[in-house]
Amino acid sequence: MEEKDLQSVEYFVKREVLDELCLDEVAQKGTWSTKPTLGDQVKESLRCSVPRLKHILLTWVPVLSWLPRYSIRENALGDLISGCSVGIMHLPQGMAYALLASLRPVYGLYTSLFPVLVYFIFGTSRHISIGTFAVISIMVGSVTERLAPDSNFIVNGTNGTETVDIDKRDAYRVQVACSLTVLTGIFQILLGVVRFGFVVTYLSEPLIRGYTTGSACHVCVSQLKYLFGITPSRFTGPLSLIYTVLDICGLLPQTQVPELVVSLVALAVLIVVKEINDCYRQKLPLPIPIELVVVIAATIITHFCELPSKYNIDVVGEIPSGLKAPRAPDTTFFSGIIGDAFAVAIVGFAINISLGKTFGLKYGYKVDSNQELVALGLSNTIGGFFHCYSVTSSLSRSLVQESTGGKTQVAGVISSIIVLITVLKIGPLFEDLPKAVLSTIVFVNLKGMFKQFMDLPLLWKTNKVDLLVWLVTFISTIVLNLDMGLAVAVAFSMLTIIFRTQLPRYSILGNLPGTELYLDTDTYKEAKEIPGIKIFRSSATIYYTNAEMFLEVLQEKSGIEIGKLLSAKKKRDAKQKRKQEKEKKKAKKEAKKQSLSCTFSLKESQMNIENVSERTRERNGNSVAFSMTETATDGLHKGQVNLAYEPDITMSDSDSDTGYDHITEFSRHGDEEKKRACESGTHSIILDISTTSFVDTVTVKTLKNIFRDFGEVNLDIYLAGCQACVVEQLEAADFFSASIPKSRLFITVHDAVLYILKKRGKADFVLEVFRNTQM
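Keep in mind it's a predicted model, so treat the numbers as computed, not measured. (Residues numbered from 1 in each chain as written. Predicted model: local features only at pLDDT ≥ 70, side-chain atom pairs only at ≥ 80, totals over all residues. Heavy atoms only, no water.)

Trainee: How would you summarise the overall build of the protein if you had to cite specific residues and measurements?
Mentor: Helix and strand counts for the protein stand at 30 helices and 10 strands. In the protein, buried positions account for 43% of the 775 residues. The contacts of the protein with a sequence gap of at least 6 include a subset with a gap of at least 24, amounting to 81%. (Helix = DSSP H or I, 4+ residues; strand = E, 2+ residues; numbered from the N terminus. Buried < 20%, exposed > 50% of the residue type's maximum accessible area, 1.4 Å probe, protein only. Contact = heavy atoms within 4.5 Å.)

Trainee: An account of a nonpolar patch on the surface is needed here, citing residue identities and associated values.
Mentor: Together, Val-193, Val-194, Phe-196, Phe-198, Tyr-202 and Ile-497 make up a nonpolar patch on the protein surface, roughly 540 Å² of accessible area in all. Relative to the helices and strands, Val-193 resides in helix 10 (residues 166-193). (Patch = residues over 30% accessible without salt bridge, like charges linked within 9 Å, V, L, I, M, F, W, Y side chains within 5 Å. Areas by Shrake-Rupley, 256 points an atom, 1.4 Å probe, with all protein chains shown as cover. Salt bridge = Lys/Arg side-chain N within 4 Å of Asp/Glu carboxyl O.)

Trainee: How would you sum up helix 28 (residues 724-732)? Please name residues and give values.
Mentor: Within helix 28 the residues assigned to the buried category are Val-726, Val-727 and Leu-730. Take helix 28 and look down its axis: the buried residues cluster within an arc of 105°, on one side only. Exposed positions of helix 28 whose direction lies more than 90 degrees from the buried face are Ala-724 and Ala-732. Against the buried residues of helix 28 lie helix 2 (20-26), helix 27 (697-712) and strand 10 (745-746). (Arc of directions from axis to C-beta.)

Trainee: Account for empty space enclosed by the protein, naming residues and giving values.
Mentor: Taken as a whole, this structure holds 1 cavity of 30 Å³ or more when the rule is applied. For the largest cavity, the calculated volume is near 50 Å³. Contributing to the lining of the largest cavity are Leu-203, Leu-207, Ile-208, Tyr-211, Thr-212, Val-347, Ala-350, Ile-351 and Leu-486. For the lining of the largest cavity, the secondary structure elements donating two or more residues are helix 11 (205-228) and helix 16 (334-363). A per-class count over the lining of the largest cavity returns 8 nonpolar, 1 polar and no charged. (1 Å grid on protein atoms, 1.4 Å probe; cavity = no way out; pocket = protein on both sides within 12 Å on 5 of 7 lines; lining within 4 Å. Points joined across faces, edges and corners; volume = space filled by probe spheres on them. Nonpolar A, V, L, I, M, F, W, Y, C, P; charged D, E, K, R; others polar.)

Trainee: Pulling in residues and values, what's your account of the pairing of strand 8 (residues 684-688)?
Mentor: The buried fraction of strand 8 amounts to 5 of the 5 residues, a majority that puts the element mostly inside the structure. Of the two faces of strand 8, the one lined by Ser-684, Ile-686 and Asp-688 and the one lined by Ile-685 and Leu-687 are each fully buried. In this sheet, strand 8 lies alongside strand 7 (residues 533-538) in parallel orientation, the contact comprising 5 bridges. Residue pairing in the sheet places Ile-533 in a bridge with Ser-684 of strand 8. Taken together, the 5 bridges between strand 8 and strand 9 (residues 716-720) define a ladder with parallel strand orientation. Considered in strand 9, the bridge of Ile-686 is made with Tyr-718. (Pairing = 2+ DSSP bridges.)

Trainee: Just give me the short version of the packing of aromatic side chains, but keep the residues and values in it.
Mentor: According to the stated counting rule, one finds 21 aromatic pairs in the structure shown. Ring centres of Phe-453 and Phe-474 lie 5.4 Å apart, and the angle between their planes is 80°; on these two criteria the pair is classed as edge-to-face. With Phe-453 in the loop between helix 21 (447-450) and helix 22 (455-462) and Phe-474 in helix 23 (residues 464-502), the pair connects residues that are 21 residues apart, well separated along the chain. Its relative accessible area of 30% is what places Phe-453 among the partly exposed residues. With 5.1 Å between their ring centres and 45° between their planes, Phe-746 and Tyr-755 make a pair best called tilted. (Phe/Tyr/Trp six-rings, centres within 6.5 Å; stacked < 30°, edge-to-face > 60°.)

Trainee: Quick one: what's the story with the environment of Ser-415, residue by residue and with numbers?
Mentor: Mapped onto the fold, Ser-415 is located in helix 19 (residues 410-426). On the accessibility criterion, Ser-415 (1% relative accessible area) is buried. The spacing of Ser-415 and Val-86 is 329 residues in sequence and 5.8 Å in space, taken between C-alpha atoms. With residues near it in sequence (within four places) discarded, Ser-415 still touches Gly-83, Val-86, Gly-87, His-90 and Val-116.

Trainee: So, the environment of Ala-343: which residues are in play, and what are the values?
Mentor: Its location among the elements puts Ala-343 in helix 16. Those residues in contact with Ala-343 that sit more than four places away from it in its chain are Met-139 and Leu-486.

Trainee: How would you explain the state of the cysteines if you had to name every residue and give the values?
Mentor: All chains considered together, the criterion is met by 0 disulfides. For the unlinked cysteine Cys-722, the closest cysteine sulfur is that of Cys-725, found at 7.8 Å. (Disulfide = S-S within 2.5 Å.)

Trainee: Tell me about the pairing of strand 5 (residues 506-511), and name the residues and values.
Mentor: Along strand 5, 6 of the 6 residues are buried, which leaves the element largely enclosed by surrounding structure. Along strand 5, one buried face is formed by Tyr-506, Ile-508 and Gly-510 and the opposite face, lined by Ser-507, Leu-509 and Asn-511, is buried too. Here strand 5 pairs with strand 7 via 4 bridges, running antiparallel. Across the sheet, residue Ile-508 finds its bridge partner in strand 7, namely Phe-536. The pairing of strand 5 with strand 6 (residues 518-520) spans 3 bridges and is classified as antiparallel. Bridge pairing in strand 6 places Leu-509 opposite Asp-520.

Below is the structure:
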């Protein structure tokens, strides 16, 4: 009932019609600015004080702001349980994902230790779990395998066969991975320091989800060799994934059945128990740590049944106990991995900030994107010195950390302690763990990524452009590999933005009777065009990429082809000018002819007068002759004046007739021109530019041309709905002038309509609008 009452609320407004000049006066527009000048900003940034120092310190080291206020009673128990649960997940996932990076499993444990401690100090999200992640691991693995392929480490065996020096290869790959990680961290720190966190906004959700789905396919294919116990060839470049799949299919007859059995058993157990966890997650106090259970069980069975020696099952191998001393990365690799490092930096940050902001919105705290860049960069940079590879947040671990009661990053510290204990004391116990079991753990954790295929039906219904971005990203990632696939996806996503602004929707607006609303006449049946007025609107900002189309569609929608009208006008003007010149020549010729005729008539008259005078003198004498001569002379003078004036009269009449004909013809042409320009009775055009957020020089020039060209064919142009910032830009560009006064700019379309109707003297319509809208 209340909603129905609210829907029937009416409002009435009575005010004067406001153009931009009136608005400036009524609203008291000022030229002052509350924004500090550049000099003030520099002074403020260089000012040193205790409060400012404290603010900077708390901003760059967030742990100092929340750890002193940490509530042990409220948070300690939840963080303890959550930290233990996540730590248990770190162990199998760290070792499994290290294989994706083409590194030994122990380096996955290192990666689950040091970066987590760094993020605890510098991170702003309370719930995400930093560490190894499948997508980042496979990106690192593609670099390590490219720079350190097996073919570079082949040595001659004792019996003349060629073998791979695995120890030397793995050591070299660790150097590559650490160098890549440090360079990735440097990129992230630099982007964070220059406040470039907004860069992630260019990676839309469909792009990220399509990219992670494509990456999941790469991860899946890379683990098939452990699942079947085969050794496929390594391929690089475009279509390498396709070639790898084909090669694996060709090697299937060589499948190691024992490894396949181990994989299938582990896979079945993991899937069943994980489904139980999902179904009963509300009832279970903690999710069953099935991954750790499978790892422990598989290690025990493999060790006591001596599976490696009996069935040649590939196992993890030596896991050194203790921590390695930090080591500086080899900077000679930097030149060859710049592109890869930047791609890893952007993808890792995009995954991290999207997950962090999701939890931030859910629990009502702010996640600073720039500080997240710095925190992730420091985690990678410092971790690279401690033999770690690139990290980001993991969705599966973050969900466990949140669902088991984790409130702060103290849970991350507790998980790091569990990993540290494992590295120091328990690590060597997992030397007999089959790699096939680790690959099954990777497979099971890809479930969430493969479920992203369900985005396709939803995107088909909601937004086909986003669907196209998803598909192009996925296909390019599959076909062109992870680095080039990401570049193509970002480029295509940018193109969709350009095309959306370059090809906006243009509308002719009509008034909704009884309101001041103006709606698209093609969309709303009740929206009626106002006679004589065309209201034109673009759905996007007018700038250099769509300014020409704006003019073309304006002519098409209004039915006024300004080019043809101006061309016809020029032809008529040229024709009229030629006709005038022809008439002038004709009049001049006629005047000369009349002058010659008058001269001949004058001479003839003089001769006749002389003959008459002579005869008169002969008859009447000298006195009478003098009188007659005087009279004749007077008459002659009068005749000369009359005769001399007659041609003028003739010429004047001719000129008068010609001028009258010209005026009549010009008026007729003007009427025809106006009739052609306004075949539908249009006399005014209103450009609704309320959607324009900025103008460039091309836009200003286009608007000036519209005012000039349409004005030449007797059409008035008005602007409506211009934002204050756009008005300032127009003023700076000298858009307003005597021919384009500021009074042509109105605050709303309705103001412009009322002004035009009043100007045209359509009082009845104006009164009707006033009565309906109370304006």
